[in-house]
Amino acid sequence: MNFPEVNNQLFINGEWVDGSEDAVAVYNPSTGEKIADIAQGGTKETAEAIAYAEGAFAGWAATDPKERARILHKIGSLIEENLDRLALIMTLEQGKPLSQSKVEVQTSADSFHWNAEEARRLYGRAIPAPSEHHFLTVYQPLGVVGAITPWNFPSNMIARKIAPALAAGCTVVIKPASATPFSALALAELFVEAGLPKGVANVVMGKSSDIGKELTTNDTVKKITFTGSTEVGQLLNEQSASTLKKVSMELGGHAPFIVFDDADLDQAATSLVTAKFRNNGQVCVSPNRIYVQKSVKKEFTEKLLEAMKTVEVGLGIEDKTVGPLINEEAREHVEAQLKDATDKGATILHGGKRPEDEKFANGPFIEPTVIDGITKDMDIYYVETFGPVIPLIEFETDDEVAEAANDSEFGLASYFFSKNIARISRFSSALEYGMVGVNTMAISQAETPFGGVKHSGFGRENGTEGIHEYVYAKSVCIHD
């Protein structure tokens, strides 16, 4: 299928410009075919984008919040109008099934619409004061924001960062993932159409280390927002320290998924299959450690394997359940975890191999997998898989599984299934995670805060909390 026409240049100060570095190719992970070349910049272009963003900041910050809201709503509406095109771009450059790309594009629109309203709800407060005094707290935008986004959600991760930033009155410089730049550039085209002023949003592509260092060490940038690995997040945080920037990090995850003996086992099994194989398992909030209470383990496993019969592998454009991983390195990581686990006694109940069909030969595909008998000495128990693998772990008591679920350096998402209201209340508090799903996997909406604790990062996206990442509180004390 032909790739839709998208500008392949850098987007700086409302203009499409060539980069100073050699262009690089972007490939379709399903087929290995080249999509197109993409322009590359570096420190020079990043510094220019930052300077233009600084120049645009005063005017954008002073823009009536109602007008900022109007433009953000327009961007959201344009995303919805172009949903099919944007979803096709995403599937061809990233690999996820087309229907899942459409859901992501819609959530991107939702972020713009939600934050358009937040622009008009950034309330300060009046504080009781002694006579002849008036104490006020007001929120003001930070300034230029550097946003660094990943390849697994190349549209929504941008929307979740820049929509609240723009709503607050900040300007932004976006560095999209090298594997998936066209989703970002397609959004930039819509910024122009929506009438976003020049310099307010800029997109630069190039070597991550060069662009990241300029964003983190340039004193003009007042905020860094990043989604990606914990290792890269730690590096960006260290680099940002020299200029004392405000930083928010959405990093790695290793989510526990707990099935108690009083759970609706059919609901738990189908929810697990749907969630685990979304985006081919390449989701930071994907369930990674599946704890099942011993008394229902056999029954749950049978229901899970029955649900697995509905899971199909296909090229992204074929819109099956599971597509390719992002690259060969990702597949080798999954295969290494499976080998380590089986060498130490685990048993593969479903999948676990490379698909035999010849049409999958040029992409990093691996069969959706269920593996049983996981123990703590196996790599998969503590290390994020980021692939389509369901590892089963047996437990007996509530205290045992609470301790096991919290036995991780990560603290992003967690899930459990139970109908016992006392257990629900107790476990919601006991789990050391930024997000808890109870009898549901739907933990991410524009209206609710998204983020983690421990090595999963800090700061929140979405919800009323999201816009507060891009402002500072100013205290104003007035004497009559």
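Bear in mind that the values here come from a model prediction, so they are computed numbers and not experimental data. (Residues numbered from 1 in each chain as written. Predicted model: local features only at pLDDT ≥ 70, side-chain atom pairs only at ≥ 80, totals over all residues. Heavy atoms only, no water.)

**Describing a negative patch on the surface**
For the record, the criterion: Nonpolar side chains (Val, Leu, Ile, Met, Phe, Trp, Tyr) are joined into patches within 5 Å and like charges within 9 Å, using only residues with over 30% relative accessible area and no salt bridge. Accessibility throughout is a Shrake-Rupley quantity obtained with a 1.4 Å probe, and a residue counts as covered only by protein chains that appear here. Whenever a carboxyl oxygen of Asp or Glu lies within 4 Å of a side-chain nitrogen of Lys or Arg, that contact is scored as a salt bridge. Positive charges are assigned to Lys and Arg, negative charges to Asp and Glu, while His and the chain termini are left out of the count. Think of each charge as sitting on NZ of Lys, CZ of Arg, CG of Asp or CD of Glu. Think of it this way: any DSSP run of H or I at least four residues long counts as a helix, any run of E at least two long counts as a strand, and we number them from the N terminus. For the exposure calls, accessible area comes from a 1.4 Å probe over protein chains only, and a residue counts as buried if that area is under 20% of its type's maximum, exposed if over 50%, partly exposed in between.
A surface patch of like charges, here negative, comprises E80, E81, D110, E193 and E447. Along the polypeptide, E447 turns up in the loop between β19 (435-438) and β20 (453-454). The class for E447 is partly exposed, based on a relative accessible area of 48%.

**As for the UniProt feature "domain: Aldehyde dehydrogenase" (unreviewed entry) in the chain**
Put simply, the rule is: UniProt positions are given in the numbering used here, feature names are shortened, and annotations may be inferred rather than shown by experiment.
Under the UniProt annotation, "domain: Aldehyde dehydrogenase" (unreviewed entry) lies at residues 16-476. Secondary structure over residues 16-476 splits into 41% helix and 22% strand, and the C-alpha atoms at its two ends are 42 Å apart.

**A few points about the environment of V144**
When you line up the elements, V144 lands in strand β7 (residues 144-148). The class for V144 is buried, based on a relative accessible area of 3%. Taking C-alpha positions, V144 is 9.1 Å from A165, a pair spaced 21 residues apart along the chain.

**With respect to the environment of A126**
To keep it simple, the criterion reads: By definition in these notes, contact holds between two residues if any of their heavy atoms fall within 4.5 Å.
Within the fold, A126 resides in strand β5 (residues 125-127). For the pair formed by A126 and G411, sequence separation is 285 residues and the distance between their alpha carbons is 36 Å. Contacts of A126, omitting those with residues within four sequence positions, involve F135 and L136.

**Notes on the nonpolar core**
Keep this limit in mind: Throughout this description, the term nonpolar core refers to a set of buried Ala, Val, Leu, Ile, Met, Phe, Trp, Tyr and Cys residues connected via side-chain atoms within 4.5 Å.
Core analysis: the largest hydrophobic core is formed by 75 residues, its most contacted members being I79, F112 and F191. Per-element accounting of this core gives the leading share, nine residues, to helix α6 (residues 181-194). Setting aside residues up to four positions removed in sequence, F191 forms contacts with I75, F112, I162, L196 and A201. Residues F153, M157, F257 and V259 belong to the second largest nonpolar core, which totals 36 residues.

**Some points on the pairing of strand β10 (residues 221-227)**
Spelled out, the test is: Two strands pair if DSSP finds at least two bridges between them. Handedness of a crossover: with both strands directed away from the viewer, a clockwise path from the first strand across the helix to the second marks it as right-handed.
Where burial is concerned, most of β10 is hidden: six out of the seven residues are buried. With five bridges joining them, β7 and β10 adopt parallel strand pairing. Counted as the bridge partner of V144 is V221 from β10. Bridging between β10 and strand β11 (residues 246-250) involves five bridges; their strand directions are parallel. Note that in β11 the partner of K223 across the bridge is K246. The handedness of the β10 to β11 crossover, carried by helix α8 (residues 230-241), is right-handed.

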